[in-house]
Amino acid sequence: MKLVYAIVRKDNEDEVVDALTEERYSVTKLSTTGGFLRKGNTTLLIGTEDERVDKAIEIIKRECGESQKITVNMPYMSGNAISHYTTMPVAVEVGGATIFVVDVERYEKI
């Protein structure tokens, strides 16, 4: 048994959950926030048999699409005083998914 953690953009949440549910995966959603961009994410917990992990990842990849580069203004301090706070453009990748697969030592459904 495996537990798949999939961190997806909030924008892709419904499509991913619907596609996984259609293929009879049990999915639990957690609302999360990314630390870098501080944007809304959804962390999906998917418990499944070992042989179904690759299919779950395939579904997630298909529904999340590819990541793309965007430019955001990130804060930085110029000089020593906080009053000189400003922003600068930084290119970052968004989209896609971050996926972790871990072994489950014990599983019970009550």
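Residues numbered from 1 in each chain as written. Predicted model: local features only at pLDDT ≥ 70, side-chain atom pairs only at ≥ 80, totals over all residues. Heavy atoms only, no water.

Things to note about a nonpolar patch on the surface
- On the surface, a nonpolar cluster with roughly 250 Å² of combined accessible area is contributed by Tyr 5, Phe 100 and Val 102.
- With respect to the element layout, Phe 100 can be found in strand E6 (residues 97–103). (Patch = residues over 30% accessible without salt bridge, like charges linked within 9 Å, V, L, I, M, F, W, Y side chains within 5 Å. Areas by Shrake-Rupley, 256 points an atom, 1.4 Å probe, with all protein chains shown as cover. Salt bridge = Lys/Arg side-chain N within 4 Å of Asp/Glu carboxyl O. Helix = DSSP H or I, 4+ residues; strand = E, 2+ residues; numbered from the N terminus.)

With respect to helix H1 (residues 13–22)
- Those residues of H1 that sit buried are Glu 13, Val 16, Val 17, Ala 19 and Leu 20. End-on, the buried residues of H1 take up no more than an arc of 165°, which puts them together on one face. Those residues of H1 that are exposed and angled more than 90 degrees off the buried face are Asp 18 and Glu 22.
- Buried residues along H1 sit in contact with strand E1 (2–9), strand E2 (26–33), strand E3 (40–48) and helix H2 (53–64).
- Backbone geometry just downstream of H1 places Arg 24 in the positive-phi region, at approximately 70°. (Buried < 20%, exposed > 50% of the residue type's maximum accessible area, 1.4 Å probe, protein only. Arc of directions from axis to C-beta. Contact = heavy atoms within 4.5 Å.)

Description of the sheet that holds E1
- Read from one edge of the open sheet, four strands run E2-E3-E1-E6, paired in antiparallel fashion. Of all strands in the sheet, those with a lone pairing partner are E2 and E6, marking the two edges. Each strand axis lies, on average, 20° off the axis of its neighbour in the sheet, ignoring direction.
- Bridge count between E1 and E6: seven bridges; the pairing is antiparallel. Each residue of the ladder has a partner; that of Tyr 5, found in E6, is Phe 100.
- Contacting E1, E2 and E3, H1 crosses the sheet at an angle of about 10° to E3. (Pairing = 2+ DSSP bridges. Axes fitted to C-alpha atoms, helices over the stretch in contact; angles between N-to-C directions.)

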